Amino acid sequence: MRTALAGATGSGPIAWALIAIVSLALVPWYGIEGGPAAWSALVHGWRGHAWLLPMLAVPVLACCSTGRPWLLVAAGLGGLAWLGVEAFAIGRGQPALGWGALAFAIACLMLAAHGLALRGWCRGDVFTVGAIGLVAGSILVFVGYPVGCILLSAFQDNAGRLDLAAFAAKLTDPSIWGLGCLQGGRSCGIAWNSLAQAVIVGVLTTLLGLAFALVSARTRVRFKPLLRVMSVLPVITPPFVIGLALILLFGRAGMVSNLLRDWFDIPRSRWIYGMPGLTIAQLLAFTPIAYLVLLGVLQGVSPSMEEASQTLRAGRWRTFRLVTWPLIRPGLANAFLIGFIESLADFGNPMMIGGNFRVLSTGVYFAVVGAAVDQGQAAVLAIVLLAFTLGAFVLQRLWTGRRSYVTVTGKGDSGVPATLPPVLRGVCFAAVAPWIVLTVAVYGVILFGGFVEAVGTNNTPTLAYFRTAFAIGRGDHGWFLAGSAWNSLITTLEVAALAMPITAAFGILTAYLLSRQPFAGRSLFEFLTMMSFAIPGTVIGVSYILAFNVAPIELTGTGLIMVIAFVFRNMPVGIRAGLANLSQIDRSLDEASFTLGARSSVTLRRVILPLLRPAVATSMVYAFVRAITSVSAVIFLVSGEYNLATVYIVGRAEYGEYGLAIVYSAVLIAIMVVALLAIQALVGERRIGRRAVAA
Amino acid sequence: MTGMADAVVFDAVTKRYGLVTAVDDVSFTIAPGTLVTLLGPSGCGKTSTLRLIAGLEQPSKGRILIGGADVTHLSAAERDVSMVFQSYALFPHMSVMDNVCYGLRAGGSKRRAAEAMAADKIGAVGLSGFERRLPSELSGGQQQRVAVARAIVLEPKVLLFDEPLSNLDAKLRRRVRDDIRALQQSLRLTVVYVTHDQEEALAVSDRIIVMHRARIVQDGTPRQLYEQPSSRFIADFIGNANLIPITVARDGDFARATLGTMTLRLPHRDVPDGLAELAVRPEAIRIFARAPQPNEIAGTIRKSAYLGSHIEYEVALDGVPGEIFVIDGDVAAPLPPGTAISVAIAPGGATIVAAPGGATVGGAPGGATVGGAAPDQPERQPA
């Protein structure tokens, strides 16, 4: 029984060699979307591209490698190396690589994986070696290569020549680092703007999040369900929508501004545009994240510690100050750094409400699409932004890795958490109440503002905006989608639906490799995959334009590039969900499956995946929702043919068509709520009521 | 199944995890159809050895043969070996039938054939009628039997057990232990069994391999291990023995062991003349509430504990540092602490072992060691 299985490994290399032959002989070598030159590599080789012909050696070598695994490794890696060399060195004159090249690369990768597995890598498991190669390779191509391109282009002038002096000049430019505002000048450099903004938002979201968490975990209030709803809201809200709602509330013609003028004669002003408005918007957007982090931390503080403190004659205030507070301090640092990174990476709100207050993420955008296109400038700004976020990310990893006081144990902990000292309780309520009012107002404006003539000034109900966006007309040839929003909405849903399963699959596969397969360089691998989370969307957007605009990989203007951008930006969510879930599944289940003769691929499919349903659901939901709400990366990647909802909304808002923008936002949020519930129902819960095996 | 070849051969196998050596140059062979136990305190390398046989770990050095074939570089899925895990590792989302079928289906059997074979083995472990249950709907003992059925349905060359009784309560433990032994004998299975419980090992094994600090310290039948421990570590670990400092003098095939006023004539077992230790099992020590007779030694009761079937005493011997541990069957007349007594040792329950510092393993220097007091003691199972 087992010998038959062992024999099956022998046929793998032959199959992949056949795939390599097909990819060389039959599949169009160049071009993603076909075209006149859609010939295979063999035909192209015959007709002058002689450098393509040596790749035929790969399947030939693979076929005569029986008993010599190193030959397989050499063939696979050699094929990949030659593909890279000919694509970059010779390739400037040839068209961009296409499906044939992709299939050939995968075949080479798998041949090398077979060879390495036969030589005993990863306990001789082909699937594991191949999966590691596939994940690492695609991260290299779709994260490493673009970021590398940014670094490179920062050192070049716009004609592509190396220019260190210009780089130094750009990097130290006063528009980035100027301190004019301190000496009463006009404005500071945008790096300082970004940093100051991020620090303020980081501190305030942490404090506010703590207040919310304390109210939720340490008091007996009635509105806890409301807090739970609030914590889901930022997930399904495109980030800039908050800025948009703030404009409609507090802008020059805003609802509240009008009321204040009518009732108290307070003149209308533009105070909301700029740092104050941006701060409020980001606070509303990111406080729920800090709340969730700190709620977890607070719930992790074992009530028995606080009870112990009280039995030792400490009052409530003393208990909070000497026991609870030190225990949650590491969590506070973590929440601060998350708020800091989110604020730096935020693009939609600065775009919407920032006014003349420029930050790095918008700076990158205007350097690319502004009047004076300067790729080098964009690259330098992106590098500064990347340095800030990665620095904070590394700090956060070091901090949370080093000290964690979370005191959850496997045992049931049947204590009652201490209630807050009265003063602190009052402070928390005073901080929380206005934000709840503001949040309700913001979402009220978003959901209903699109159905009145003009928010604040003319509250007559109307369906005009909704009709403009989503009208369905009836012409001579039957029904058709007449509304202006349909095109971008359908593209968005298609792209999100395509990206969703790929993102989840990649994330879960990576989590499985990280948690279950020991291999050399695993911690580096983990760091790199998580790092792509800390790369701001604007940086990804710019880097994709730089990397994938010309051969050998040309993707700009296609829908594919958006799918790829979403997959690699959102993959870390899948990884985190997968890792958290996998850590609860006893390793002996995998091992039992192995000793019963099932290989990793079967084990993953039949044992791990069914138990990972919650993680699969989570990563699918996130992949879908984040693909719909994201704006920063894709604003660089959209084309006339493939426009996305968020980009369309930002465009409408820029032209002052607030009604249209807000009605579209409300529809998006409604779609996401439906999708969330649908995926939850579809993927469902695990089929077991509880874990059966005793630990 | 294989007839001639040894079921398992370990040829100078070493396994390192970074700087830690878990298995250090270990060699042994296991004959087909026998039940061999790997016994030792936690962290001694016995589970690593088992996982090396299973293919869940790859050796850093050395060769592993199963049924005569070199499997050193084969993965767990390719080896003809099944394992029953400590946690049972039943797939919680699959029914009993699906769990037992799993290996057959992974090996390419058709569903119908696999289910017929599985039903047979489910019957063999006495769980017919439970095929459609989920593991969470079974008791601990039933789950354990499903794990056994799942392993034996593949008819492996070697069946591995990793502490299979540790999640069962004390009463069930004895029954399951006997069931495993009966199943092994009736199906003539080759079994490698890991435990840290010496009583369990003595009860089920054809042969016991005792490991300590990543090496094999003794390899023999249960009787050999119990009666002729090769070192004070084995004496302490297997027999729970007291280790009392003595002087020995060779006398033909025997040696005269002198302890204060007492002299015993015992097999010398190649222990050199001079200082040595006497390993005495607690139940081989007799105590009398009277003055010492010839060949007895005076002592004092320090502590006593009534355990129903017997009484445990800690006794201080005159002129010997530390205390010895005594099990006395006379529950009718317990002796209170402080009682002056006389102590005799039955020669059948005592063995000479080399003193620490020589070729022995572990143990505190000098002094009588009450079981459990040495620094690298294994944890004891409650009796």
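Residues numbered from 1 in each chain as written. Chains lettered and ligands numbered in written order. Predicted model: local features only at pLDDT ≥ 70, side-chain atom pairs only at ≥ 80, totals over all residues. Heavy atoms only, no water.

A few words now on the sheet that holds strand 10 (residues 215-220) of chain B. Residue and element names in this part refer to chain B. As summarised here, the arrangement of the six strands in space is 6-7-8-3-9-10, forming an open sheet in which the pairing is mixed. The strands lining the two open edges of the sheet, one partner per strand, are strand 6 (81-84) and strand 10. Between one strand axis and the next, the sheet turns through 20° on average, direction left out of account. Of the pairings in the sheet, the one linking strand 7 (residues 158-162) to strand 8 (residues 191-195) comprises four bridges and is parallel in character. Counterpart to aspartate 162 in the pairing with strand 8 is valine 194. Across the sheet, helix 8 (residues 232-239) is in contact with strand 3 (35-39), strand 9 (207-212) and strand 10; its angle to strand 9 comes to roughly 120°. (Pairing = 2+ DSSP bridges. Helix = DSSP H or I, 4+ residues; strand = E, 2+ residues; numbered from the N terminus. Axes fitted to C-alpha atoms, helices over the stretch in contact; angles between N-to-C directions. Contact = heavy atoms within 4.5 Å.)

The partner chain A presents 29 residues to the 34 residues of chain B that form the contact. In total, about 3200 Å² of surface goes out of reach between chain B and chain A, with carbon and sulfur atoms giving 61% of it. At the boundary of chain B and chain A, one finds two salt bridges. Where Arg51(B) meets Glu591(A), a salt bridge forms, and the shortest distance between an N and an O atom there is 2.5 Å. Across the chain B-chain A interface, the total number found is seven residue pairs in polar contact (both at pLDDT 80 or more). At the level of elements, helix 1 (46-54), strand 6, helix 2 (96-106) and helix 4 (140-152) of chain B are the ones that each hand at least two residues to the side of chain B that touches chain A. For the side of chain B that touches chain A, the leading source of residues is helix 2 of chain B, giving five residues. In terms of residue class, the side of chain B that touches chain A is made up of 18 nonpolar, 10 polar and six charged. (Buried area = accessible area lost by both parts, 1.4 Å probe. Salt bridge = Lys/Arg side-chain N within 4 Å of Asp/Glu carboxyl O. Polar contact = N/O pair within 3.5 Å; in protein donor to acceptor, adjacent residues only side chain to side chain. Nonpolar A, V, L, I, M, F, W, Y, C, P; charged D, E, K, R; others polar.)

Quick look at the packing of helix 21 (residues 486-516) of chain A against helix 24 (residues 560-582) of chain A now. The relative placement of two packed helices comes down to the angle between their axes together with the axis-to-axis distance. Residues and elements named next belong to chain A. Viewed as axis vectors pointing N to C, helix 21 and helix 24 meet at an angle of 40°, and their least axial separation amounts to 6 Å. Looking at the two axes, helix 21 sits oblique to helix 24. For the crossing formed where helix 21 meets helix 24, the hand is right-handed. (Parallel < 35°, antiparallel > 145°, perpendicular 65-115°, else oblique. Left-handed = near helix turned anticlockwise from the far one by under 90°.)

Residue and element names in this part refer to chain A. Inspection of every chain in the model, using the stated rule, returns 21 aromatic pairs over all chains. With a centroid separation of 5.7 Å and an interplanar angle of 50°, the aromatic rings of phenylalanine 142 and phenylalanine 548 are classed as tilted. Taken together, the residues span a long stretch of sequence, with phenylalanine 142 in helix 6 (residues 126-154) and phenylalanine 548 in the loop between helix 23 (537-547) and helix 24 at a distance of 406 residues. Accessibility classification places phenylalanine 142 together with phenylalanine 548 in one group, the buried group. On the numbers, 6.5 Å between centres and 45° between planes, the contact of phenylalanine 320 with tryptophan 325 is tilted. On the basis of relative accessible area, tryptophan 325 is assigned to the partly exposed category, the value being 30%. The structure contains a cluster of three or more aromatic residues connected by ring pairs, namely Phe142, Tyr145, Phe506, Tyr544, Phe548 and Phe568. (Phe/Tyr/Trp six-rings, centres within 6.5 Å; stacked < 30°, edge-to-face > 60°. Buried < 20%, exposed > 50% of the residue type's maximum accessible area, 1.4 Å probe, protein only.)

Quick look at unusual backbone geometry now. Residues and elements named next belong to chain B. Its identity as a non-glycine residue notwithstanding, arginine 269 has a phi of 55°, on the positive side. Mapped onto the elements, arginine 269 comes out in the loop between strand 13 (262-267) and strand 14 (274-280). The class for arginine 269 is partly exposed, based on a relative accessible area of 30%.

As a further point, take the domain arrangement of chain B. Domain annotation for chain B reports domain 1 (8-222) and domain 2 (241-354). Distance between the C-alpha centres of domain 1 of chain B and domain 2 of chain B: 40 Å. (Domains from an automatic or database assignment.)

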